[in-house]
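Residues per chain, in single letters:
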Amino acid sequence: LELVNLETYLTRFPEGTQSGKAKKRLLALYTESENWEKATSLWETLTPEQQNDTENIESFLIVNSALNNNETCLKLSDRLLRANENNVVALDWLANYYFWKAEKRYQKEMKDYKAHQTRKQYAHLLKALERVSVEYKKSLHYGTKLYKVNPTAKTAKLLSRCYNRLDNKKKAAYYKKLADK
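Asks: Would you mind showing me how to read unusual backbone geometry here?
Replies: Working note: non-glycine residues mostly have negative phi, and peptide bonds are mostly trans. Despite not being glycine, Glu34 has its phi angle at roughly 60 degrees, a positive value. By secondary structure assignment, the location of Glu34 is in the loop between α2 (19-32) and α3 (36-45). Assessed through its relative accessible area of 56%, Glu34 is described here as exposed. Notably, Asp167 is not glycine yet its phi reads approximately 65 degrees, a positive angle.

Asks: What am I meant to see in the layout of surface pockets here?
Replies: The gaps of empty space that remain are located by a probe, the size of a water molecule, rolled over the atoms. Space inside the largest pocket adds up to approximately 200 Å³. A class-by-class count of the residues in the lining of the largest pocket yields three nonpolar, four polar and two charged.

Asks: What should I look at first to understand helix α6 (residues 70-83) in this one?
Replies: Residues that lie three or four places apart on an α-helix share one face, since the helix turns once every 3.6 residues. When the terminal C-alpha atoms of α6 are compared, their 20 Å separation across 14 residues agrees well with the 20 Å that a helix rising 1.5 Å per residue should span. Those residues of α6 that fall on the buried side of the exposure criterion are Cys73, Leu76, Ser77, Leu80 and Leu81. Buried positions in α6, seen along its axis, are confined to an arc of 135 degrees and lie on one side of it. Turned more than 90 degrees off the buried face of α6, the exposed positions are Glu71, Lys75 and Arg82. Against the buried residues of α6 lie α5 (54-66), α7 (88-115) and α8 (119-149).

Asks: How should I be thinking about the packing of helix α9 (residues 153-165) against helix α10 (residues 169-179) in this particular structure?
Replies: Packed helices, taken two at a time, are described by the angle between their axes plus the distance between the axes. Here α9 crosses α10 at 160 degrees, and the two axes come no closer than 8 Å. Viewed along their axes, α9 and α10 adopt a mutual orientation that is roughly antiparallel. For the pair α9 and α10, the crossing hand works out as left-handed. Residues Ala153, Ala156, Lys157, Leu159, Ser160, Tyr163 and Asn164 of α9 touch α10, and the partners they reach there are Lys169, Lys171, Ala172, Tyr175, Lys176, Leu178 and Ala179.

Asks: Honestly, the nonpolar core in this entry has me stumped. Any pointers?
Replies: If you look at soluble globular proteins, the nonpolar side chains tend to sit buried side by side. Ranked by size, the top nonpolar core spans 45 residues in total, and within it Tyr136, Tyr142 and Tyr175 carry the most contacts. Filtering out sequence-adjacent residues up to four positions away, Tyr136 remains in contact with Phe99, Ala102, Glu103, Tyr106, Cys162, Arg165 and Leu166.

Asks: So what exactly am I meant to see when it comes to the packing of aromatic side chains here?
Replies: In this description, an aromatic ring pair is defined by two values, namely the gap between the centres and the angle between the planes. Applying the stated rule across the entire model yields eleven aromatic pairs. A ring pair is formed by Phe99 and Trp100, whose centres lie 4.9 Å apart and whose planes are at 85 degrees; its orientation type is edge-to-face. Using a relative accessible area of 38% as the deciding quantity, one classes Trp100 as partly exposed. Taken together, the aromatic side chains of Trp93, Tyr97, Tyr98 and Tyr142 make up a single cluster linked through ring pairs.

Asks: In this structure, what is going on with the side chain of Glu103? I would like to understand it.
Replies: Take Glu103: it is sitting in helix α7. If we skip the residues at most four places from it in the chain, Glu103 touches Tyr136 and Arg165.

Asks: When you look at the state of the cysteines in this model, what are you seeing that I'm missing?
Replies: Tallied over the entire structure, the rule returns zero disulfides. Here Cys162 stays unpaired: no disulfide links it, and the sulfur of Cys73, its closest cysteine neighbor, is 18 Å away.

Asks: In this structure, what is going on with empty space enclosed by the protein? I would like to understand it.
Replies: Counted by the stated rule, this structure contains one cavity of 30 Å³ or more. By volume, the largest cavity amounts to about 30 Å³. When its residues are assigned to classes, the lining of the largest cavity shows three nonpolar, two polar and two charged.

Asks: Quick question: what am I supposed to make of the side chain of Glu135 here?
Replies: For Glu135, the location among the structural elements is in helix α8. Beyond its immediate stretch of four places on either side in the chain, Glu135 contacts Tyr98, Lys101 and Ala102.

Asks: Whenever I open this one, the environment of Leu178 confuses me. Can you help?
Replies: Within the secondary structure, Leu178 sits in helix α10. Overall, the relative accessible area of 17% leaves Leu178 in the buried class. For Leu178, the residues in contact, after removing those within four places along its chain, are Tyr147 and Ala156.

Definitions and limits used
Residues numbered from 1 in each chain as written. Predicted model: local features only at pLDDT ≥ 70, side-chain atom pairs only at ≥ 80, totals over all residues. Heavy atoms only, no water. Helix = DSSP H or I, 4+ residues; strand = E, 2+ residues; numbered from the N terminus. Buried < 20%, exposed > 50% of the residue type's maximum accessible area, 1.4 Å probe, protein only. 1 Å grid on protein atoms, 1.4 Å probe; cavity = no way out; pocket = protein on both sides within 12 Å on 5 of 7 lines; lining within 4 Å. Points joined across faces, edges and corners; volume = space filled by probe spheres on them. Nonpolar A, V, L, I, M, F, W, Y, C, P; charged D, E, K, R; others polar. Expected span 1.5 Å × (residues − 1). Arc of directions from axis to C-beta. Contact = heavy atoms within 4.5 Å. Axes fitted to C-alpha atoms, helices over the stretch in contact; angles between N-to-C directions. Parallel < 35°, antiparallel > 145°, perpendicular 65-115°, else oblique. Left-handed = near helix turned anticlockwise from the far one by under 90°. Core = buried A, V, L, I, M, F, W, Y, C linked by side-chain atoms within 4.5 Å. Phe/Tyr/Trp six-rings, centres within 6.5 Å; stacked < 30°, edge-to-face > 60°. Disulfide = S-S within 2.5 Å.

Just geometry here; none of it tells us what the structure is for.
Structural data, given as structure tokens:
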């Protein structure tokens, strides 16, 4: 009902005195209801000032994450972190983005090596694992900051998995224990 009322208001009074607040709430509702296309269309109608509002950027980051628009998400996360280095939405997205980027590459390289266990493939694997380690470390960077400002079991599990891949068993066990609480 709220969604319909907001849509009606904006149709009747697109430049009304409450249109900015209505658009902000409508964007949040579209995001909560996973109506990604409407959220994207609404974003495009926002003024530059409205597009710089932290809550609107967070909503649009969630929308673009669901649509796998990673380049847009990277830019939005950067904007959020420039405004607030402890922005939970941006830190969460970045920690997960870099973890899964590394994990997918790790799995692919291990699969390739297991299929062709040659010296050449092993040398390729070692080089690839160096690059993958960089991505895991980026995930750790954002995940650690996130855990400090918003400690959750989900983030602790992510940190445990990163430390495990980086062969730091002590820290992996520590965060696994926190995740299992």
